[in-house]
Amino acid sequence: MSPLILFSLMLHFVPTFQQFPRLCTTREALLTKECCPEWEGDGSLCGMNSGRGFCQDVEVSDQPDGPQYPFSGLDDREKWPLVFYNRTCQCTGNFMGFNCADCKFGYFGEDCSERRESLRRNIFHLSRSERIRFISYLNLAKHTISRDYVVATAPYAQMENGSNPIFSNVSVYDIFVWMHYYVSRNAILGEPGNVWRDVDFGHWHEIRKLTGDMSFSIPYWDWRDAQNCDVCTDDLMGARSPHDENLLSPGSVFSSWRVLCSRAEEYNARGVLCNAEDEGPLLRNPGNHDRNLAERLPTSTEVEFTLGLSNYDTGPMDRSANMSFRNTLEGSSSLLGMHASVHVFMNGSMSSVQGSANDPIFMLHHAYVDSIYEQWLRRHQPSPSQYPESNAPIGHNGEYHMVPFMPLHRNRDYFISSKELGYEYSSLLDPAQRLSEYMHPYLEEMQDMWPWMLVAALVGGIAAVIIAAAALRVKRRNSRGSPWINFNGLEERQPLIPSNKPRDHSNNCQKTS
């Protein structure tokens, strides 16, 4: 499996990405190979005194890997996480996390007993306020250093087997970027330039923790039959810059984003890992891609064909597998399709395998790929035995721990429906619920406008009363013969119109004798 589809499966178990816990990257922790931090709630390892979990030895599968990676003991990711740790927290009940401080997916509350289902929605069905919130949260994650996690910027051997820890601070979002790089990077075989390319170990609630918004969930982009990147607007994921077609519009917050871990060939030539440093601006030029690699965005017909394949995987379980749902969804062929074609179409940072998560469209795309995976699970209801126990490409046997997750998660643990993991897709709701979901942004806009409409109605009503009262007063005055008012403000008892009746001047004349 490629890291791309497996990152969709990672999104399958709710937005949560975790790497090296900061508390487990000290010299002592690396030398003892133990990652069992205290839970702050009671000060005991893994929250043991409160029944949340305990520290135990890591067990790894001894089933053989496939032939794609013919080495052993050369890469830190083999038999994850034994190169770094052989003891970690094993959480109980509904608890989860590197120190059992968190809740399992779909559970909330202090004791993780509250079951709640989140809804992943089409990004075009978000109201204006919800879109603003989503983009604001992404930008906050991009510019906030992760409190709990750091990333490795050197292989374990260069850390002198733990005595010289080499880790770096990155933002909450860039933890996610680094993880995608780490699982998809080439294996370093020793000398600079000597790498093995045919290998990958690939497979967010951190934003919820960062913002305190427990209702947050990643929306998806339904790209079927789209003729262009319709999420590439400044009120969503960023329009094209009018000054440079490879950059984003200055009107988008994403135009200020900087990328990391995107120079794979440079790292390979030097025999090093990504150092997590700034490597320039986010790039994107959708539609101006190499059509020898991918013609266009996927169609509804192609999605339906993929969903019709009943076998999760076939043959060698790699890029050459035929009539395999996994491989077809991945889009691995001479002319890339489905998932892979969207990456090519974006023509920028997202088109680099190892650096593709730098573009936030990556998440919308993979959330939709995950929704296709969810549809397939519901349609075919595969037996757990369809997930390979052995001879899969390295890192992908069922009992293998997903690289590079801490806490540990086994591959087969997530060969299950999203509903078991506490979330649903709006596209998979029943017809009545889908209609309600479609109307949601319009109803919310009306709800947002209601206070203003009420104020306008009250102002209009008051104005109407005032006008009516004034008109009534004028009418009453006229009916009582109210005096006219001339331009000088003086009363006149007679209207200013001429009369045909001759005037009597006798009272005004003085008689003479």
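Residues numbered from 1 in each chain as written. Predicted model: local features only at pLDDT ≥ 70, side-chain atom pairs only at ≥ 80, totals over all residues. Heavy atoms only, no water.

The protein chain carries the name Tyrosinase in an unreviewed UniProt entry, which gives Cynoglossus semilaevis as its organism. The UniProt entry for the protein chain carries the following comment under Cofactor (unreviewed entry): "Cu(2+)". As recorded by UniProt, the Sequence similarities (unreviewed entry) comment attached to the protein chain reads in full: "Belongs to the tyrosinase family." (UniProt positions renumbered as here; feature names shortened; annotations may be inferred.)

**Q** Please set out unusual backbone geometry residue by residue, giving values where relevant.
**A** Generally, phi is negative for residues other than glycine and the peptide bonds are trans, each holding for most cases. Following Trp-80, the chain continues to Pro-81 via a peptide bond in cis, the omega torsion being 5°. With omega at 10°, the peptide bond leading from Met-406 into Pro-407 counts as cis. Within the secondary structure layout, Pro-407 lies in the loop between helix H10 (361–380) and strand S14 (423–425). Phi is positive for Ala-276, close to 65°, though the residue is something other than glycine. On the secondary structure map, Ala-276 appears in the loop between helix H6 (264–270) and helix H7 (300–307). A positive phi angle, close to 45°, is found at Met-338, a residue other than glycine. Mapped onto the elements, Met-338 comes out in helix H9 (residues 338–346). (Helix = DSSP H or I, 4+ residues; strand = E, 2+ residues; numbered from the N terminus.)

**Q** Pulling in residues and values, what's your account of the UniProt feature "domain: Tyrosinase copper-binding" (unreviewed entry) in the protein chain?
**A** Taking the UniProt record as the reference, the feature "domain: Tyrosinase copper-binding" (unreviewed entry) is found at residues 359–370. Secondary structure content for residues 359–370 is 83% helix and 0% strand, and the end C-alpha separation is 18 Å.

**Q** An account of the sheet that holds strand S4 (residues 87–91) is needed here, citing residue identities and associated values.
**A** Backbone-to-backbone hydrogen bonds pair the strands of a sheet. The strands run either parallel or antiparallel. Here 3 strands make up an open sheet; going across it, the order is S2-S4-S3 and the pairing mixed. Either end of the sheet is taken by a strand with one partner, and the two such strands are strand S2 (34–35) and strand S3 (53–57). (Pairing = 2+ DSSP bridges.)

**Q** Give me the lowdown on the pattern of salt bridges, citing residues and values where you can.
**A** In total, this model carries 25 salt bridges according to the counting rule given. The closest approach of N and O atoms between Glu-374 and Arg-378, which form a salt bridge, is 2.7 Å. Placement of both Glu-374 and Arg-378 in helix H10 is noted, with a separation of 4 residues, approximately one turn of the helix. The exposure class assigned to Arg-378 is partly exposed, which follows from its relative accessible area of 30%. Residues joined in a network through salt bridges with shared partners are Glu-117, Glu-374, Arg-378, Lys-419 and Glu-424. (Salt bridge = Lys/Arg side-chain N within 4 Å of Asp/Glu carboxyl O. Buried < 20%, exposed > 50% of the residue type's maximum accessible area, 1.4 Å probe, protein only.)

**Q** Go over the state of the cysteines, please, and point to the residues and values.
**A** Applying the stated criterion across every chain, the model contains 7 disulfides. With its sulfur 2.1 Å from that of its partner, Cys-24 forms a disulfide with Cys-35. When the S-S torsion is 80°, as for the bridge of Cys-24 with Cys-35, the disulfide is right-handed. On the criterion of sequence distance, the pair formed by Cys-24 in the loop between strand S1 (20–21) and helix H2 (27–32) and Cys-35 in strand S2 is long-range, its members being 11 residues apart. When its relative accessible area of 2% is taken as the criterion, Cys-24 is described as buried. Since its relative accessible area comes to 1%, Cys-35 is described here as buried. (Disulfide = S-S within 2.5 Å.)

**Q** So what's going on with the packing of aromatic side chains? Residues and values would help.
**A** All chains considered together, the criterion is met by 28 aromatic pairs. Considering the side-chain rings of Phe-98 and Tyr-149, the 5.6 Å spacing of their centres and the 80° angle between planes classify their relative orientation as edge-to-face. Highlighted residues: Phe-98 in the loop between strand S5 (95–96) and strand S6 (102–103) and Tyr-149 in strand S10 (residues 149–152), separated in sequence by 51 residues. For the pair Phe-98 and Tyr-149, one class covers both residues: buried. Note on Tyr-181 and Tyr-267: the rings are 5.7 Å apart at their centroids and 80° apart in plane angle, and the pair reads as edge-to-face. A residue is classified by how much of its surface remains accessible, and Tyr-181, at 2% relative accessible area, is buried. By way of ring pairs, the aromatic residues Phe-20, Trp-80, Phe-84, Tyr-85, Tyr-156, Phe-167, Trp-178 and Tyr-182 are connected into one cluster. Of note, Arg-77 hangs over the ring of Tyr-182, and the distance from its end group to the ring centre comes to 5.9 Å. The ring centre of Tyr-107 lies 5.0 Å from the NZ or CZ of Arg-115, which sits over that ring. (Phe/Tyr/Trp six-rings, centres within 6.5 Å; stacked < 30°, edge-to-face > 60°. Lys NZ or Arg CZ within 6 Å of the ring centre and 35° of its normal.)

**Q** Tell me about the nonpolar core, and name the residues and values.
**A** Membership of the largest hydrophobic core comes to 97 residues, with the highest contact counts inside it found for Trp-221 and Met-237. A total of 11 residues in this core trace back to one element, the largest contributor, which is H10. Residues within four places of Trp-221 in sequence aside, it is in contact with Phe-124, Asn-228, Cys-229, Asp-230, Val-231, Leu-297, Val-342, Met-346, Ile-361, Leu-364 and Tyr-368. By size, the runner-up hydrophobic cluster in this structure holds 9 residues, among which are Cys-36, Cys-46, Phe-95 and Cys-100. (Core = buried A, V, L, I, M, F, W, Y, C linked by side-chain atoms within 4.5 Å. Contact = heavy atoms within 4.5 Å.)

**Q** An account of the environment of Tyr-220 is needed here, citing residue identities and associated values.
**A** On the secondary structure map, Tyr-220 appears in the loop between helix H5 (206–211) and H6. Taking the C-alpha atoms as reference points, Tyr-220 and Phe-362, separated by 142 residues in sequence, lie 9.9 Å from one another. Discounting chain neighbours no more than four positions away, the residues touching Tyr-220 are Arg-120, Arg-121, Asn-122, Ile-123, Leu-364, Ala-367, Tyr-368, Tyr-425, Ser-426 and Ser-427. Polar side-chain contacts of Tyr-220 include one of 3.5 Å to the backbone nitrogen of Ser-427. (Polar contact = N/O pair within 3.5 Å; in protein donor to acceptor, adjacent residues only side chain to side chain.)

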